[in-house]
Amino acid sequence: MKKNMGTIDRTVRIIIALLLAALYYGGIITGTTGAVLLVIGIVLFLTSVVGFCPLYGLLGIKTCGLKQE
């Protein structure tokens, strides 16, 4: 898998994932909505760590910079 996510994209995803986790574990979002948002947060975090987003791959989107050749 080639990385298709840039640094800013990865940072924003990690911040959103941590915010969703904090809201869930803080009891602010609960129930089914909380569980769904927690799963979304986990997916955002994992794709950020790996640097590859499968949805970006399907759509042909790359937020990483181009390499100089």
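Data block above holds the structure.
One structure accompanies this document, and this report is about it. (Residues numbered from 1 in each chain as written. Predicted model: local features only at pLDDT ≥ 70, side-chain atom pairs only at ≥ 80, totals over all residues. Heavy atoms only, no water.)

1. Notes on the environment of K2
- Residue position: K2 is located in the segment before α1 (7-25).
- C-alpha of K2 to C-alpha of F52: the two residues are 50 residues apart in sequence and 6.9 Å apart in space. (Helix = DSSP H or I, 4+ residues; strand = E, 2+ residues; numbered from the N terminus.)

2. Re the side chain of D9
- Mapped onto the elements, D9 comes out in helix α1.
- With a relative accessible area of 16%, D9 lands in the buried category.
- A polar contact of 3.2 Å, which involves the side chain of D9, links it to the side chain of T63. (Buried < 20%, exposed > 50% of the residue type's maximum accessible area, 1.4 Å probe, protein only. Polar contact = N/O pair within 3.5 Å; in protein donor to acceptor, adjacent residues only side chain to side chain.)

3. Description of the state of the cysteines
- Summed over all chains, the structure comprises zero disulfides.
- Just so you know, C53 is unpaired, no disulfide at all, and the nearest cysteine sulfur is the one on C64, 12 Å from it. (Disulfide = S-S within 2.5 Å.)

4. Things to note about the pattern of salt bridges
- Going through the model one piece at a time under the given rule, you end up with one salt bridge.
- Linking D9 and R13 is a salt bridge whose minimum nitrogen-to-oxygen distance equals 3.3 Å. Here D9 and its partner R13 are both found in helix α1, four residues apart, which amounts to about one turn of the helix. (Salt bridge = Lys/Arg side-chain N within 4 Å of Asp/Glu carboxyl O.)

Any functional reading would require information that these geometric values do not contain.
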